[in-house]
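Now for the letters of each chain:
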Number of protein chains: 4
Amino acid sequence: MLADPESAIDVACGKNGAVGGIGPGKGYVDVSTVDVATSKLINEHIKARGALFLEAPVSGSKKPAEDGQLIFLTAGDRSLYELVSPLLDILGKSRFYLGEVGNGAAMKLVVNMIMGSMMASFSEGILLSKKVGLDPSVLVEVVSQGAISAPMYSLKGPSMVKSQYPTAFPLKHQQKDLRLALGLAESVSQSTPIAAAANELYKVAKSYGLSDEDFSAVIEALKAKSQDTA
Amino acid sequence: MLADPESAIDVACGKNGAVGGIGPGKGYVDVSTVDVATSKLINEHIKARGALFLEAPVSGSKKPAEDGQLIFLTAGDRSLYELVSPLLDILGKSRFYLGEVGNGAAMKLVVNMIMGSMMASFSEGILLSKKVGLDPSVLVEVVSQGAISAPMYSLKGPSMVKSQYPTAFPLKHQQKDLRLALGLAESVSQSTPIAAAANELYKVAKSYGLSDEDFSAVIEALKAKSQDTA
Amino acid sequence: MLADPESAIDVACGKNGAVGGIGPGKGYVDVSTVDVATSKLINEHIKARGALFLEAPVSGSKKPAEDGQLIFLTAGDRSLYELVSPLLDILGKSRFYLGEVGNGAAMKLVVNMIMGSMMASFSEGILLSKKVGLDPSVLVEVVSQGAISAPMYSLKGPSMVKSQYPTAFPLKHQQKDLRLALGLAESVSQSTPIAAAANELYKVAKSYGLSDEDFSAVIEALKAKSQDTA
Amino acid sequence: MLADPESAIDVACGKNGAVGGIGPGKGYVDVSTVDVATSKLINEHIKARGALFLEAPVSGSKKPAEDGQLIFLTAGDRSLYELVSPLLDILGKSRFYLGEVGNGAAMKLVVNMIMGSMMASFSEGILLSKKVGLDPSVLVEVVSQGAISAPMYSLKGPSMVKSQYPTAFPLKHQQKDLRLALGLAESVSQSTPIAAAANELYKVAKSYGLSDEDFSAVIEALKAKSQDTA
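It should be emphasised that the depicted structure is a prediction, and the values quoted were computed from it without experimental measurement. (Residues numbered from 1 in each chain as written. Chains lettered and ligands numbered in written order. Predicted model: local features only at pLDDT ≥ 70, side-chain atom pairs only at ≥ 80, totals over all residues. Heavy atoms only, no water.)

(A) Up close: the overall build of chain A. Looking only at helices and strands, chain A has nine helices and five strands in total. Each helix and strand of chain A, ordered N terminal to C terminal, gives the series α-β-α-β-β-α-β-α-β-α-α-α-α-α. When burial is assessed residue by residue, chain A has 61% of its 230 residues classed as buried. Put simply, 64% of the contacts in chain A that link residues at least 6 apart link residues at least 24 apart. For chain A, the exposed surface amounts to about 8400 Å²; the carbon and sulfur share of it is 53%. (Helix = DSSP H or I, 4+ residues; strand = E, 2+ residues; numbered from the N terminus. Buried < 20%, exposed > 50% of the residue type's maximum accessible area, 1.4 Å probe, protein only. Contact = heavy atoms within 4.5 Å. Areas by Shrake-Rupley, 256 points an atom, 1.4 Å probe, with all protein chains shown as cover.)

And the structure:
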């Protein structure tokens, strides 16, 4: 899956891009995660050639992909959606058809916005528990049994406690999605103070050189560093 | 379960409080949620009478209580913990022994801090999805299938979409726990910008008169209100 | 002064824009406030025609403009800067030459970012003082005498206390500048949590329909509204 | 001037405290900065001895104190206020009488809350300007000429640019005042997201070991540190 708008446009519409060989009777399914505007742009290019277009960004990263547990958030030509549904069912565990092009991208961004804030909040909890003398591994266990348990916490928590961040979803991509989500929120004047605060933490983590680590490395942004007033 | 420090101290140490009838060979198990200092204070009173003390705040509100799904976060006298464990197993689904008095209260606050931030973030997502033309009910469904799915989201999401907040955990208690958690974080100089931003939203919700609604009513704090420059 | 990138590009490079009549031996001084990229784009167009370019956004709004108290933040062709300096001295009270094109825009955004946060913080103070039973007018007076006194506070404070916001600098422009500044900060991975939190308040104020009021109307975003769970 | 509630209570009411030698016909003027509750407590002790009480926290730190530029924020017994006014006029440049005991403390906290947020915002601006290739000293100069110019910025800016923080007002005291102000805001359900975000930065700075540096050292909390995932 392609991670940014530029790559997606290049793959779809570039010199050797998909659009070159496309035409009436054909269809293009884009599973990359892009912003709403980029998705609409690709759609226009495809439509200009007389072909069908379906955006189909996926929710889920490395582990879900390997396990066939991806969720497809599709939008665009309904007939193409119906045509590829059997294929999507093999690749993933569920699929949503969300209407006009751009809605898949928007849904993906909203989900990832929540995810980014949740991970930042979880990081606060792990560090706070440790600082007050609790065992952060026990916190991860307690969380896993209650109303706020989430697969992500159970999957990432144990390694976060050990300051390890094997990359499933790169931190720079999480930060990019937060940025795009904040842009989306701003376009409709929706206040999102939690996401805005979370985004700042991912920015700090990037400035620590953690862009290519897993996004759970955002916890590093909350750790006290030794003074260095260079 | 008692919701604030004053009530807990009164019940335990007040004129007709538990301490009055307590003494050597007896024990006091406190399942209320209080801050660390209050729990230690009650412990001192109990100890002065020669009795045993176990703090045992629970994680889980109305629904888990009815279903016997509470989680006990205990700390204090280990022998008392072992004595009451069979009883705790009937009332709840799991129990943790966390060491010295105060650790149960601290663990509870950390868990509820994460919970408060998660709910605020989820609220942002619901409102943003709606504002950009998506169906927020579909967002709730998508979230429920992925890495960030949490029982709390599935339980509260559908009613939040309908602007309904039947009280399981009062908003004022969530705000109180955030305040106490922020105090705990400050006492150990742990930065918690997400919780701080979330706390501001619960304060806004309280100023809207939503203190006794469910804490999921924090979503109201993020809705645009018509101008009223009184 | 033009308030947004699109207007600036249109005026400079549009069908009847300045570029049309420009060429070698001529120069273009742009006093509009745009983002760095837009300023560079206009510069390229001007340069392609063989003319000189100087970006010269101003710090200061209505009142300073009337009083000849504007501050010019210029960048671009130094020879053009020197040529127009006498003119700038008549229009404003001071001028800075900041090097390559884009630096004027960047400096303006940084200044306005601080301004936006300061106004949001001042708003918090006014409302808090009132809520705890102090006279907010006295707060404005106390502030005006100490280390944090600023002309902006003395100018806007008295009307803010009366919930009046005669427009000198529209709120939507302040929010736009915060957005652009946050984008600038993100491009260099600089954490700016205060500006991010302030931006959320201006977004809330916009959602209240206050876009065309003075930016001091951001105080409305911090006032408790009566519940309206429509 | 005493910096915290405990010191103030000890000096006033401790074993060798002022209350010991006080009685009818005498008065006690407290120029320390404490929270509202502490000030009221001292007042009660003084009143119980039949003496008069005036709280008189000052706005202004080292430099203003040396220059006789302090501002007294008094509250309590009006007759005592009138009695000591000539003395206050010698020590400071102005004085305010704010009514009942606690109002002086509250006013001081509101002013210092704004101050803390302003310094954090200024820090963001200095670092952002530098990161995008501007000269932060020029930013300090530009700020000093416009609507947001403040004596504090002109005084601290030049040394902040050089990463020097000669202590006039210790960072730990600024953080304490933010904490107390946030507590005050919470007691009246006033949302203060800017102050909450600023407080987190001062907490980070404290965790860097900067408690005794000047509060302008909060800028260090916004600097990227090299990764240290210990």
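(B) Spatial organisation of the interface of chain A and chain C. Contacts between the two partners involve 17 residues from chain A and, on the opposite side, 17 residues from chain C. Between chain A and chain C, the buried area comes to about 1200 Å², and carbon and sulfur atoms account for 49% of it. Broken down residue by residue, the surface that chain A buries against chain C is led by A:Glu186, A:Glu200 and A:Lys203, which jointly contribute 47%. Taken together, chain A and chain C are joined by two salt bridges. Note that A:Glu186 is salt-bridged to C:Arg179, the shortest N-O span being 2.3 Å. Where chain A touches chain C, the interface holds twelve residue pairs in polar contact (both at pLDDT 80 or more). Contributions of two or more residues to the side of chain A that touches chain C are made by α8 (171–187) and α9 (193–207) of chain A. Here the side of chain A that touches chain C is built from residues that sort into five nonpolar, seven polar and five charged. (Buried area = accessible area lost by both parts, 1.4 Å probe. Salt bridge = Lys/Arg side-chain N within 4 Å of Asp/Glu carboxyl O. Polar contact = N/O pair within 3.5 Å; in protein donor to acceptor, adjacent residues only side chain to side chain. Nonpolar A, V, L, I, M, F, W, Y, C, P; charged D, E, K, R; others polar.)

(C) Inspection of the relation of the copies chain B and chain A at higher detail. At an RMSD of 0.0 Å, chain B and chain A line up after a rotation of 180° and a shift of 0.0 Å along the axis. What the rotation and shift describe, once combined, is the action of a two-fold rotation axis. By C-alpha distance to the rotation axis, the residue of chain B lying nearest is B:Ala150, at 2.4 Å. The overlap is high: 100% of the interface residues of chain B also sit at the interface in chain A, so the same surface is used on both sides. (Least-squares fit on C-alpha atoms with pLDDT ≥ 70 in both.)

(D) Here's a closer look at helix α7 (residues 151–161) of chain C. Within the span of α7(C), buried status applies to C:Met152, C:Tyr153, C:Lys156, C:Gly157, C:Ser159 and C:Met160. Taken together, the buried residues of α7(C) touch α5 (103–131) and α6 (136–145) of chain C together with α5 (103–131) of chain D. Phi turns positive, to about 55°, at C:Ser163, one or two residues after α7(C).

(E) Spatial organisation of the interface of chain B and chain A. In this assembly, 57 residues from chain B lie in contact with 57 residues from chain A. Both sides of the chain B and chain A interface together cover about 4900 Å² of buried area, and 75% of this is carbon and sulfur. When the area that chain B buries against chain A is broken down by residue, the three leading residues are B:Leu128, B:Ile148 and B:Ile194, summing to 13%. Taken together, chain B and chain A are joined by zero salt bridges. Along the contact surface separating chain B from chain A lie 16 residue pairs in polar contact (both at pLDDT 80 or more). Looking at the side of chain B that touches chain A, the element that brings in the most residues is helix α5 (residues 103–131) of chain B, giving 19 residues. Classifying every residue of the side of chain B that touches chain A by side-chain character gives 39 nonpolar, 13 polar and five charged.

(F) Layout of the pairing of strand β4 (residues 70–76) of chain A. All names here are of chain A. Here β4 lies mainly inside the structure; seven of its seven residues are buried. Every second residue of β4 is oriented toward a common face, with Leu-70, Phe-72, Thr-74 and Gly-76 on one face and Ile-71, Leu-73 and Ala-75 on the other, all of them buried. Sheet topology note: the strand β3 (residues 58–59)/β4 ladder contains two bridges and is antiparallel. Bridge assignment links Ser-59 to a residue of β4, and that residue is Ile-71. Looking at chain direction, β4 and strand β5 (residues 92–97) are connected through five bridges and run parallel. Following the sheet pairing, Thr-74 is matched in β5 by Tyr-97. In the classification by handedness, the crossover that spans β4, the intervening helix α4 (residues 78–91) and the parallel β5 is right-handed. (Pairing = 2+ DSSP bridges. Right-handed = clockwise from strand over helix to strand, strands pointing away.)

(G) Region of interest: the side chain of C:Asp177. Residues and elements named next belong to chain C. Examined against the element boundaries, Asp-177 turns out to sit in helix α8 (residues 171–187). Residue classification places Asp-177 among the buried positions, given a relative accessible area of 2%. Polar contacts involving the side chain of Asp-177 include one to the side chain of Asn-112, which spans 2.7 Å. Apart from the residues lying within four places of it in its own chain, the contact partners of Asp-177 are Thr-33, Leu-109, Asn-112 and Phe-169.

(H) Seen up close, the relation of the copies chain A and chain C. In screw terms, the move from chain A to chain C is a rotation of 180° and a rise of 0.0 Å along the axis, fitting with an RMSD of 0.0 Å. A symmetric contact is evident, with 100% of the interface residues of chain A recurring at the interface of chain C.

(I) Just the packing of α6(C) against α7(C), in detail. Residues and elements named next belong to chain C. Between α6 and α7, the least distance of the axes is 9 Å, while the angle of their chain directions is 175°. Relative to α7, α6 is oriented roughly antiparallel. Mapping the contact onto sequence places Pro-136, Ser-137, Val-140, Val-143 and Ser-144 in α6 and Tyr-153, Ser-154, Gly-157, Pro-158 and Val-161 in α7. Residues of the contact of α6 with α7, tallied by class, amount to six nonpolar, four polar and no charged. (Axes fitted to C-alpha atoms, helices over the stretch in contact; angles between N-to-C directions. Parallel < 35°, antiparallel > 145°, perpendicular 65-115°, else oblique.)

(J) Spatial organisation of the environment of B:Glu186. Tracing the backbone through its elements, the reader meets B:Glu186 in helix α8 (residues 171–187). Classification of B:Glu186 by relative accessible area gives buried; the value is 10%. What B:Glu186 contacts, discounting residues up to four positions off in sequence, is D:Gln175, D:Arg179, D:Asn199 and D:Lys203.

(K) Structural detail: the pairing of strand β2 (residues 52–55) of chain C. Residue and element names in this part refer to chain C. Bridge count between strand β1 (residues 27–30) and β2: four bridges; the pairing is parallel. Considered in β2, the bridge of Tyr-28 is made with Phe-53. At this point the chain moves from β1, through helix α2 (residues 36–48), to the parallel β2, and the crossover so formed is right-handed. Taken together, the two bridges between β2 and strand β4 (residues 70–76) define a ladder with antiparallel strand orientation. Looking across to β4, one finds that Leu-54 is bridged to Gly-76.

(L) Looking closely at the pattern of salt bridges. Residues and elements named next belong to chain D. By the definition in use, this model includes 36 salt bridges over all chains. Residue Arg-78 pairs with Glu-82 through a salt bridge whose shortest N-O separation is 3.2 Å. You can see Arg-78 and its partner Glu-82 sitting in helix α4 (residues 78–91), four residues apart, about one turn around the helix. Under the relative-accessibility criterion, Arg-78 is labelled partly exposed at 45%.

(M) Structural detail: the packing of aromatic side chains. All names here are of chain C. Evaluation of the coordinates by the stated rule reveals 16 aromatic pairs over all chains. Ring geometry for Tyr-28 versus Phe-53: centroids 6.1 Å apart, planes at 15°, classification stacked. On the criterion of sequence distance, the pair formed by Tyr-28 in strand β1 and Phe-53 in strand β2 is long-range, its members being 25 residues apart. (Phe/Tyr/Trp six-rings, centres within 6.5 Å; stacked < 30°, edge-to-face > 60°.)

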